[in-house]
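Each chain, letter by letter, is given below.
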Amino acid sequence: MTNDLSISEAVSDPLIALMLRADGMEPNAFAEMLSRAAREQLEQKISRLREERATRFYQVLSAAETVGTGCSHR
């Protein structure tokens, strides 16, 4: 079970609404800020995953080439 709020839940939460009002921030601007942060975080995770997969691919390829050089192919 997660304790995280969705963006719509955060924007409609009464305590967060009070804090937004005290900070002079509009709920729509807050929702957009959260959406932007979520998109950036997802993009970073995807980028890291791609880098990890590429690194693993080249490690496997290198290992296969190393094994292949010790065998004669006839």
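Residues numbered from 1 in each chain as written. Predicted model: local features only at pLDDT ≥ 70, side-chain atom pairs only at ≥ 80, totals over all residues. Heavy atoms only, no water.

On to the overall build of the protein. Each helix and strand in the protein was counted, giving three helices and zero strands. Counting from the amino terminus, helix and strand elements in the protein follow one another as α-α-α. Within the protein, buried positions represent 7% of all 74 residues. (Helix = DSSP H or I, 4+ residues; strand = E, 2+ residues; numbered from the N terminus. Buried < 20%, exposed > 50% of the residue type's maximum accessible area, 1.4 Å probe, protein only.)

Any two side chains of opposite charge can pair, given that their charged atoms come close. Taken as a whole, this structure holds two salt bridges when the rule is applied. The shortest N-O distance in the salt bridge between glutamate 32 and arginine 36 comes to 3.7 Å. Residue glutamate 32 and its partner arginine 36 are both found in helix H3 (residues 27–69); the two are separated by four residues, about one turn of the helix. Residue classification places glutamate 32 among the partly exposed positions, given a relative accessible area of 38%. Accessibility expressed as a relative area gives 39% for arginine 36, which makes it partly exposed. The closest approach of N and O atoms between glutamate 32 and arginine 39, which form a salt bridge, is 3.3 Å. (Salt bridge = Lys/Arg side-chain N within 4 Å of Asp/Glu carboxyl O.)

Our focus in this paragraph is a nonpolar patch on the surface. A grouping of Leu15, Leu18 and Met19 is seen on the molecular surface, where their side chains present a nonpolar patch of about 310 Å² in accessible area. By the secondary structure assignment, methionine 19 is in helix H2 (residues 14–23). (Patch = residues over 30% accessible without salt bridge, like charges linked within 9 Å, V, L, I, M, F, W, Y side chains within 5 Å. Areas by Shrake-Rupley, 256 points an atom, 1.4 Å probe, with all protein chains shown as cover.)

The next point concerns H2. Two or three places before leucine 15, at the opening of H2, aspartate 13 has a side-chain oxygen 3.0 Å from that residue's backbone nitrogen. Two residues or fewer after H2 comes glycine 24, characterised by a positive phi angle close to 75 degrees. (Polar contact = N/O pair within 3.5 Å; in protein donor to acceptor, adjacent residues only side chain to side chain.)

So, about the packing of aromatic side chains. Two aromatic rings, taken as a pair, are described by how far apart their centres are and by the angle between their planes. What the rule picks out here adds up to one aromatic pair. Taking the centre distance of 5.1 Å and the plane angle of 80 degrees together, the rings of phenylalanine 57 and tyrosine 58 count as edge-to-face. A relative accessible area of 53% places tyrosine 58 in the exposed class. (Phe/Tyr/Trp six-rings, centres within 6.5 Å; stacked < 30°, edge-to-face > 60°.)

Overall, the prediction assigns the protein a mean pLDDT of 90, with 89% of residues at 70 or greater. The least confident element of the protein, judged by mean pLDDT, is H3 at 93; the most confident is H2 at 96. (pLDDT = per-residue confidence, 0-100.)

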